[in-house]
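# A look at the structure
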Amino acid sequence: MGLYLKLAWRNIWRNKKRSLISIASVVFAVIIALLTRSMQIGFYRHSINNMVSFFTGYVQVHAPGYYENQSIDRSYVASDSLLRAIAKTEYVTQIAPRLESFALASCGDVTDGVMVIGTDPVSENLLTGLQERVEKGRYLRSEDKGVLLAEGLAKHLRVGIGDTVILLGQGYHAVTAAGKFVVLGTVKFPVPELNSIMVFMALSEAQYFFAAEDRLTSLAVMIEREERLPTVMSALKDKLGESYDVLSWRDMLPELVEYIQTDNASGIIMLIIIYMVIGFGILGTILMMTLERTREFGMLMAVGMKRGVLRGIMVVESILLSLVGALAGVIAGIPIILYLYYHPIVLGGEMAQSMLEWGFDPIMPFATDPSIFLWQALSVLVIALITSLYPLWRVSRLDPVTALRTG
């Protein structure tokens, strides 16, 4: 094998210009592939993190059937044993209890449908960072009797800090829920749908308002990272059994899952095109090297070199050429991706507005997973092995006498 490597390496650099052009094409293609895949994975993760941290969490625990029929009558009392079981589950980092229902909000002659979220202010902030979204006024406290309004909703109702809004809805077991609440602050969400309907109040106040003492509609659960989700889901389902429904963000946000799957498919098609470019670049170089050295091959075979040895050298040449280009591409791509990871591309104009309407932040983040770089190198190696089939075929059919005469 050492002889194969030595001969193959020398053969590659016999025509430096040709080899450098081929390596440069591989380097460029690998960088494009790295950027494409890194941007895709980074965007998916950022989108998932945005959606789960806005509201849902990675996992939610409901009473059976609640998600299909989201009525406050399907709320439940969360026992201490339930909370301990969830909190002690591996990879769970935070739990936020919630009581959610719909109501009408009015001020003066303006009325709007809203979603009322009763939650523990401290837990909610740790799970979703709600306090950081406060635009005006102040954040909730556990003893507060007032509410936080989404910024868009506050503008529509034409209310400010210190004004009063009236909420009217249906409480637990059809009890009328009605009350006047002081606006303590406004919060801004990048998602227009959330920014126009959300009302937050302290959990105890929401339970009193809806006549649902000690009851919850959901427990929102945050975990270390998305990769731990299958493990956490399995553990929670084993612990809680059929007494509760355990749903992941994938169950609650099927539209986002479908979008990611569709976009990922288009990204894979783009990568295939890039790999084809790499393949044709390598094939062109191997083809020229093979044609230019026909006389050389004939002479080597005439003096006794076996076809198997000659084929082995050609395969090693193809692999070395590809690996040099792949490694150079990865080395060149690492600082670019690291820079973009820490300084994501900020979008503007119509593109930014379009992404906001879809519920995404107008930025293009990048991922730095080692697997992204590893897969590009392996993909190029596979391409090299495929392109080496041509010289193998040609050497297998080569006649030494004809090769010496025609060159």
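Here we summarise the structure given alongside this text. These numbers were taken from a predicted model, which means no experiment stands behind them.

Let us now look at the overall build of the chain. When helices and strands are tallied, the chain shows 16 helices and 14 strands. Rg of the C-alpha trace for the chain: 31 Å, well past the compact-globule value of 22 Å for 407 residues, more than 25% over. Each principal axis of the C-alpha distribution contributes one length, and for the chain these read about 100 × 45 × 30 Å. For the chain, the residues scored as buried account for 50% of the 407 residues in total.

Counting across every chain of the model gives 5 aromatic pairs. Ring centres 4.8 Å apart and planes at 70° place the aromatic pair Phe209 and Phe210 in the edge-to-face group. By relative accessible area, which is 0% here, Phe210 ends up buried. With a centroid separation of 5.0 Å and 85° between ring planes, the pair formed by Tyr341 and Tyr342 is classed as edge-to-face. Since its relative accessible area comes to 60%, Tyr342 is described here as exposed. Ring pairing ties together the aromatic residues Phe181, Phe209 and Phe210, which thus form one cluster.

Our next topic: the pattern of salt bridges. Tallied over the full model, the rule gives 9 salt bridges. Where Glu124 meets Arg98, a salt bridge forms, and the shortest distance between an N and an O atom there is 2.8 Å. Taken together, the positions of Glu124 in helix α4 (residues 121–128) and Arg98 in strand β3 (residues 92–107) put the pair 26 residues apart, joining distant regions of the chain. Taken as a pair, Glu124 and Arg98 share a single burial class, namely buried. Where Asp144 meets Arg138, a salt bridge forms, and the shortest distance between an N and an O atom there is 2.9 Å. Using a relative accessible area of 9% as the deciding quantity, one classes Asp144 as buried. Each member of the salt-bridge network shares a partner with another, and the members are Arg45, Arg225, Glu227 and Asp369.

Turning next to the pairing of strand β4 (residues 110–119). The buried fraction of β4 is high, at 7 of 10 residues. Connecting the antiparallel pair β3 and β4 is a turn made up of 2 residues, with Gly108 showing a positive phi of about 65°. Sheet topology note: the β4/strand β9 (residues 198–202) ladder contains 5 bridges and is parallel. Bridging from a neighbouring strand, Ile117 pairs with Phe200 of β9.

Our focus in this paragraph is helix α2 (residues 16–56). Each turn of an α-helix holds 3.6 residues, which means side chains three or four residues apart point in the same direction. Taking 1.5 Å of rise per residue, the 41 residues of α2 would be expected to cover 60 Å, and the 58 Å separating its terminal C-alpha atoms lies within 8% of that figure. Looking at the residues trailing α2, positive phi occurs at Gly57, about 75°.

One can find Val401 in helix α16 (residues 400–406). Looking at Val401, the relative accessible area reads 47%, which means it is partly exposed. Considering only alpha carbons, one finds Val401 and Arg295, 106 residues apart in sequence, at a separation of 9.3 Å.

Here the focus is the packing of helix α14 (residues 370–387) against helix α15 (residues 389–397). For the pair α14 and α15, the least separation of the axes is 4 Å and the interaxial angle reads 20°. When the axes of α14 and α15 are compared, the pair comes out roughly parallel. Between α14, through Leu385, Ile386 and Thr387, and α15, the contact on the second element is made entirely by Leu389, Tyr390 and Pro391. Its residues assigned to classes, the contact of α14 with α15 comprises 5 nonpolar, 1 polar and no charged.

Okay, the environment of Leu320 next. Its place among the elements puts Leu320 in helix α12 (residues 307–342). With 57 residues separating them in the primary sequence, Leu320 and Asp263 have C-alpha atoms 34 Å apart. Not counting the four nearest positions on each side in its chain, Leu320 is found in contact with Leu5, Ala8, Trp9 and Ile12.

Despite not being glycine, Ala211 shows a phi value in the positive range, around 55°. With respect to the element layout, Ala211 can be found in the loop between α7 (203–209) and β10 (215–216). We classify Ala211 as partly exposed; its relative accessible area is 35%. In this model, Asp214 sits at a positive phi of 65°, which is unusual for a non-glycine residue. With respect to the secondary-structure elements, Asp214 resides in the loop between α7 and β10.

Attention now moves to the side chain of Ser106. In this structure, Ser106 sits in strand β3. On the accessibility criterion, Ser106 (18% relative accessible area) is buried.

Criteria and thresholds
Residues numbered from 1 in each chain as written. Predicted model: local features only at pLDDT ≥ 70, side-chain atom pairs only at ≥ 80, totals over all residues. Heavy atoms only, no water. Helix = DSSP H or I, 4+ residues; strand = E, 2+ residues; numbered from the N terminus. Rg over C-alpha atoms; globule rule 2.2 N^0.38 Å. Buried < 20%, exposed > 50% of the residue type's maximum accessible area, 1.4 Å probe, protein only. Phe/Tyr/Trp six-rings, centres within 6.5 Å; stacked < 30°, edge-to-face > 60°. Salt bridge = Lys/Arg side-chain N within 4 Å of Asp/Glu carboxyl O. Pairing = 2+ DSSP bridges. Expected span 1.5 Å × (residues − 1). Axes fitted to C-alpha atoms, helices over the stretch in contact; angles between N-to-C directions. Parallel < 35°, antiparallel > 145°, perpendicular 65-115°, else oblique. Contact = heavy atoms within 4.5 Å. Nonpolar A, V, L, I, M, F, W, Y, C, P; charged D, E, K, R; others polar.

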